[in-house]
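Structure at a glance
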Amino acid sequence: MRETWMSPAGGDVASDSYNNLFRDAEGLRRLGVSHYRFSLAWARLLPNGTAPLNPAGLAHYSQLLARLRELAVEPVVTLYHWDLPQRLQDAYGGWASPALPALFRDYAELCFRHFGGQVRYWLTMDNPYVVAWHGYGTGRLPPGVRGGPRLGYRAAHHLLQAHAKVWHLYNDHFRPTQRGKVSIALSSHWIKPQNMTEKNIKECQKSLDFVLGWFAKPIFIDGDYPESMRSNLSTLLPEFSEVEKKYIKGTADFFALSFGATLSFQLLDSHMKFQQLESISLRQLLYWISSEYNNPKIFIVENSWFVSGSTKRDDAKYIYYLKKFIMETLKAIRYDGVNVFGYTVWSLLDGFEWHRGYSIRRGLFYVDFQSHDKKLMPKSSVLFYQKLIEKNGFPPLPENQPTKGVFPCGFAWGIVDNYIQVDTTPSQFLDPNVYVWDVHQTKQLIKVNGVFTSKRKQHCVDFAAIRLQISLLQEMHVTHFHFSLKWSLILPLGNLSLVNHTLVHYYQCFVSELLRVNITPVVALWQPMAENQELPVSLAKYGAWENPETVQAFVEYAKLCFTNLGDHVKFWITMNEPSVKNLTYTAGHNLLKAHAKAWHLYDKEFRRSQKGKISIALQADWVEPACPFSKNDQEVADRILEFDIGWLAEPIFGNGDYPHMMRGWLHQRNSVDLYNFHLPYFSEEEKKLIQGSFDFFALSHYTTTLVGWEKEDALKYDHYLEVQMINDITWLHSPGRAAVVPWGLRKLLKWVKSKYGDVPIYIMANGIDDDQNMVHDKLRVYYIQSYINEALKAYTLDNVNLQGYFVYSFNDKTAPKYGLYSYVANQYEPKPSMKRYREIIDNNGFPRPETPEVLCPEEIDSCPECHFFRTRKSLLAFIAFVFVAFIVTIFLISYYSRRVERRYK
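Keep in mind that what you see is a predicted model, and the values were worked out from it rather than measured. (Residues numbered from 1 in each chain as written. Predicted model: local features only at pLDDT ≥ 70, side-chain atom pairs only at ≥ 80, totals over all residues. Heavy atoms only, no water.)

**Digging into the overall build of the protein**
Scanning the protein for helices and strands turns up 29 helices and 33 strands. In terms of overall dimensions, the protein is more spread out than a globule: its C-alpha atoms have a radius of gyration of 38 Å, far above the 29 Å expected for 905 residues. Projecting the C-alpha coordinates of the protein onto the three principal axes gives extents of approximately 140 × 90 × 70 Å. Buried residues in the protein amount to 53% of all 905 residues. Taking as baseline every contact in the protein between residues at least 6 positions apart, the subset at least 24 positions apart corresponds to 74%. (Helix = DSSP H or I, 4+ residues; strand = E, 2+ residues; numbered from the N terminus. Rg over C-alpha atoms; globule rule 2.2 N^0.38 Å. Buried < 20%, exposed > 50% of the residue type's maximum accessible area, 1.4 Å probe, protein only. Contact = heavy atoms within 4.5 Å.)

Set out below in structure tokens:
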């Protein structure tokens, strides 16, 4: 059971850094950071807001700066972070008073005199937007004054004046000796237009003006507020004199940016969005700042996201947001030319998060707020950030670099279509009726009653749909084609009392035509689909796979297929991608028995004469621990793999029974939480029947998912398996939100080998959805070549016995958005991804430029005499020359002999 967590009442103590200076410094040392941002408390140094100075506060900050110097950590110091001395609020009304800028200047002068020799980076204040708007306008944050917009704008006016006074103070009196830099930490959101119209784009600009531009434009451009604010707010917005504008303009030595959970989606009032869409794109914001404010040097002084207040150690959600933000910063520097020179994670420790209290956590280190000494515990994000600092970013990993090489001879290159297009419309040559054309009135053919012509025998070429599909497959250069039969149509009643012989004949024609063009048919007997799971209605109505009678019905159906199609089909799949998400344990139990019986039926009665192979195809997406350093997350990933893949794989490819982990987990859950999920038992005879009922391991793989054990998002938490689904927002995703994670396929193939030995493996389906309007099909091109490359690594580097690879899917008509062929206006058109796949097939992988062309043994065996001629080309040329010369000589001798004879006669 999970322990309940009780939060403290307020923020008086929180993480108690004041009394734990060396504890915090140890955290900095462990991380290996280059700088540390912290705030001086005005109320701690000057409890009354003015003199006298508090010696204890002065000693505390002096000691902290000394310790940072010992650690070679650069301090970045904020003078004011929302902690105004109470006396100044009571006596003056806080920042609503024009007296505050001068008082703030005096406080700053004290700080510069005492600490300036040890500080190179100063920030006058943090997030003045929040202080002014929510401190004095809405009252959502301290001091909680609900003064409305007018008071909020007045407070902001005074904050800007105070900032400018402090900058000029430092510039005039301290910079020459201390040589530091001064700025102000400005917070912002990012906004994108609802639609790409000129009006919406202007509204986005206005939104940024009203939040970031409110303070940034006066400081970085011209000393005055944005024009959009001036024109919209009229008399609400105070005015600067020309002298004040010159005084404020240029009062920042760099652009200090705060971006993340403080403002975004939290403290941004809805009307400030101007009916546009808020986003968390740091890269776009950085580019906008660079363009809007003349390419300033940017220091990101606060950035991160948050996790639930109950999350202790494995803060995967926090990690992936951090990864996203840092990657976007790197892209802004590398690709957009933005001048970013520093990055700061917020924050070192968990703390009191103002209006959200202790309901969220934003620290790298977990703080036990209930303990007396406020113990720290490093979260997984500490390890992540520590390694990122060591590497100075995200250097390419050798294992993720593309490899060169080719697959073995005889490798199966395939394409998948869930169900082939079936059109049994008879050819016109099979119609014995006679027609006349009414050219005068109806302009249609009219059947002549009682008149018939001879009817010829039906041929496979009569089916136009078959010819078209075969031609497209030939164009692709595939060696194998994988599709599923329709059990519900072949046996509409679920038994042999009614067989759709027309459809069976159509399938016979299709597979025979495939063989005629040297394409191997790979045929699945059953694939679950939405309607009745693609079972005959009579079986679906009476329990489907829950009903044991479905097992025998499947065996009878399999025998019919083996009998009628087996001479042409040498590659069978009993069940294709049975969905474990939709299976009960009883249904899965019966499904396994049905597969095993069908396999043994083929093995005993058909294998010797038909010489084929048969197995089951399982869906097998990879599952990765969200926190790679977490033992708990690894245990969750292992558990999900057993429930998702091992459930059906272990009885067949393993020991004949369900995974021990699966049965143990269910026993624990049933006993502790009073669940009633019963996993059936196999008899010893059934275990022997099921174990080993395979000729190869067939799997379908599409994506990779991340899992963790810490409950973070209730909507994505599985209480039954105690697993939290996590999303790495830095991963490439398809329009359907499928993650593109090529390395997951290689890990899966290695896992199968480690679990089930050196079994032959076929990747029976691998594909991605894409936007049908995307002309260049770039995502699918990248997906196919990247996943095939990872499969090549598994074969060449990991010695996985990989025998084949199939792309999903053939065309958009049968699998919309997944096809290698588009289907528009009854026309099939090859996409760029088809052409790229064909190129890989023709090369049998990714050969090195210097790799000689490999002549596969299969090619030699198919034409033994060809090898003789290929290896003796020079000799054959000489023999041909001698032979031609001999014939010419004989001809000339004969010709001249006859002329001589005629002359003498």
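**Notes on a nonpolar patch on the surface**
A contiguous nonpolar patch, built from Phe 883, Phe 886, Ile 887, Ile 890 and Ile 893 and spanning about 520 Å² of accessible area, is present on the exposed surface. Note on placement: Ile 887 falls in helix H29 (residues 873-904). Judged by relative accessible area, Ile 887 falls into the partly exposed class, the value being 42%. (Patch = residues over 30% accessible without salt bridge, like charges linked within 9 Å, V, L, I, M, F, W, Y side chains within 5 Å. Areas by Shrake-Rupley, 256 points an atom, 1.4 Å probe, with all protein chains shown as cover. Salt bridge = Lys/Arg side-chain N within 4 Å of Asp/Glu carboxyl O.)

**Observations concerning the packing of aromatic side chains**
What the rule picks out here adds up to 76 aromatic pairs. Each ring, one from Trp 42 and one from Tyr 107, has its centre 4.8 Å from the other, and the planes form 5°; the classification is stacked. Pair noted here: Trp 42 is in helix H2 (residues 42-45) and Tyr 107 is in helix H5 (residues 100-115), with a separation of 65 residues, a long-range link. Summarising the burial analysis for this pair, Trp 42 and Tyr 107 share the class buried. Ring geometry for Phe 571 versus Tyr 762: centroids 4.9 Å apart, planes at 75°, classification edge-to-face. (Phe/Tyr/Trp six-rings, centres within 6.5 Å; stacked < 30°, edge-to-face > 60°.)

**Observations concerning the packing of helix H1 (residues 21-31) against helix H3 (residues 55-70)**
Packing of H1 against H3 leaves a shortest axis separation of 11 Å and a crossing angle of 25°. As far as their axial angle goes, H3 and H1 are roughly parallel. Between H1 and H3 the crossing geometry is right-handed. Here H1 contributes Leu 21, Phe 22, Ala 25 and Leu 28 to the contact with H3, which in turn contributes His 60, Gln 63, Leu 64, Arg 67 and Leu 68. In the contact of H1 with H3, the residues fall into 6 nonpolar, 2 polar and 1 charged. (Axes fitted to C-alpha atoms, helices over the stretch in contact; angles between N-to-C directions. Parallel < 35°, antiparallel > 145°, perpendicular 65-115°, else oblique. Left-handed = near helix turned anticlockwise from the far one by under 90°. Nonpolar A, V, L, I, M, F, W, Y, C, P; charged D, E, K, R; others polar.)

**Things to note about the side chain of Asp 770**
With respect to the helices and strands, Asp 770 occurs in the loop between strand E29 (761-765) and helix H25 (778-796). No salt bridge is formed by the buried Asp 770, whose closest oppositely charged neighbour, Arg 780, lies at an N-O distance of 4.6 Å. The contact partners of Asp 770, leaving out residues within four places of it in the chain, are Pro 735, Asp 777, Lys 778, Leu 779, Arg 780 and Lys 817. (Lys, Arg positive; Asp, Glu negative; His and termini not counted.)

**Description of the packing of H25 against helix H26 (residues 832-843)**
In the contact formed by H25 and H26, the axes pass within 8 Å of each other and the chain directions differ by 25°. Taken together, the axis directions place H25 and H26 in an arrangement best described as roughly parallel. For the pair H25 and H26, the crossing hand works out as right-handed. Here Arg 780, Val 781, Ile 784, Gln 785 and Ile 788 of H25 lie close against H26, whose contacting residues are Pro 832, Ser 833, Arg 836, Tyr 837 and Ile 840. Of the residues that constitute the contact of H25 with H26, the class distribution is 6 nonpolar, 2 polar and 2 charged.

**A few points about the confidence of the model for the protein**
Taken over all residues, the pLDDT of the protein has a mean of 91, while the share at 70 or more is 92%. Taken as a whole, residues 1-7 scores under 50 in pLDDT and shows 13 contacts with residues more than four places along the chain or in a different chain. Below pLDDT 50 for its whole length, residues 858-871 participates in 6 contacts with residues either more than four positions away or in separate chains. (pLDDT = per-residue confidence, 0-100.)

**Some remarks on the environment of Thr 251**
You can see Thr 251 is positioned in the loop between helix H10 (242-248) and strand E6 (255-260). Counting along the chain gives 442 residues from Thr 251 to Ser 693, while the straight-line C-alpha distance between them is 77 Å. Leaving out residues up to four positions away in the same chain, Thr 251 has contacts with His 163, Ala 164, Trp 167, His 168 and Ile 219. Within the structure, Thr 251 has its side chain in polar contact with the backbone oxygen of Ile 248 (distance 2.7 Å). (Polar contact = N/O pair within 3.5 Å; in protein donor to acceptor, adjacent residues only side chain to side chain.)

**Looking at the nonpolar core**
If you look at the biggest cluster of nonpolar residues, it comprises 276 residues, and the most contacted ones within it are Leu 40, Trp 95, Trp 122, Leu 485, Trp 572 and Tyr 837. Looking at which element gives the most residues to this core, the answer is helix H7 (residues 148-178), with 13 residues. Not counting residues up to four positions away in its chain, the partners in contact with Trp 122 are Leu 40, Val 77, Leu 79, Cys 111, Phe 112, Phe 115, Gly 116, Tyr 170, Lys 181, Val 182, Ser 183 and Phe 254. Judged by nonpolar contacts, the second largest core, of 8 residues, contains Val 76, Tyr 121, Leu 123 and Phe 254. (Core = buried A, V, L, I, M, F, W, Y, C linked by side-chain atoms within 4.5 Å.)

**Quick word on helix H24 (residues 742-756)**
Taking 1.5 Å per residue as the helical rise, H24 with its 15 residues ought to reach 21 Å, and the 22 Å between its terminal C-alpha atoms agrees with that figure. Listed as buried for H24 are Pro 742, Gly 744, Leu 745, Arg 746, Leu 748, Leu 749, Trp 751, Val 752 and Tyr 756. (Expected span 1.5 Å × (residues − 1).)

**Brief notes about the environment of Leu 285**
Assignment of secondary structure puts Leu 285 in helix H11 (residues 282-292). Relative accessible area serves as the criterion here: at 0%, Leu 285 is assigned to the buried category. In sequence terms Leu 285 and Phe 696 are 411 residues apart; their C-alpha atoms lie 52 Å from each other. Look past the residues within four positions of Leu 285 in its chain and what remains in contact with it is Ser 188, His 189, Trp 190, Leu 212, Leu 257 and Phe 259.

**Details of empty space enclosed by the protein**
For the coordinates displayed, the defined rule picks out 3 cavities of 30 Å³ or more. In this structure, the largest cavity occupies an estimated 60 Å³ of space. Lining the largest cavity are 13 residues, and of these Asp 314, Ala 316, Glu 710, Glu 712 and Ile 726 sit closest to its centre. Sorting the residues of the lining of the largest cavity by element identifies helix H12 (316-334) and strand E26 (723-726) as the ones contributing at least two each. The residue makeup of the lining of the largest cavity, split by class, is 4 nonpolar, 3 polar and 6 charged. As a volume, the second largest cavity reaches approximately 40 Å³. Along its surface, the second largest cavity is lined by Asp 417, Gln 421, Gln 469, Leu 472, Phe 810, Asn 811, Thr 814 and Tyr 828. (1 Å grid on protein atoms, 1.4 Å probe; cavity = no way out; pocket = protein on both sides within 12 Å on 5 of 7 lines; lining within 4 Å. Points joined across faces, edges and corners; volume = space filled by probe spheres on them.)

**Some thoughts on the environment of Ile 614**
Along the polypeptide, Ile 614 turns up in strand E21 (residues 613-619). Take Ile 614: its relative accessible area is 0%, and that puts it in the buried class. The sequence separation of Ile 614 and Leu 208 amounts to 406 residues, and the corresponding C-alpha distance is 62 Å. Sequence-distant contacts of Ile 614, defined by excluding residues within four places in its chain, comprise Phe 562, Trp 572, Thr 574, Ala 598, Trp 599, Tyr 602, Arg 607, Phe 694, Asp 695 and Phe 696.

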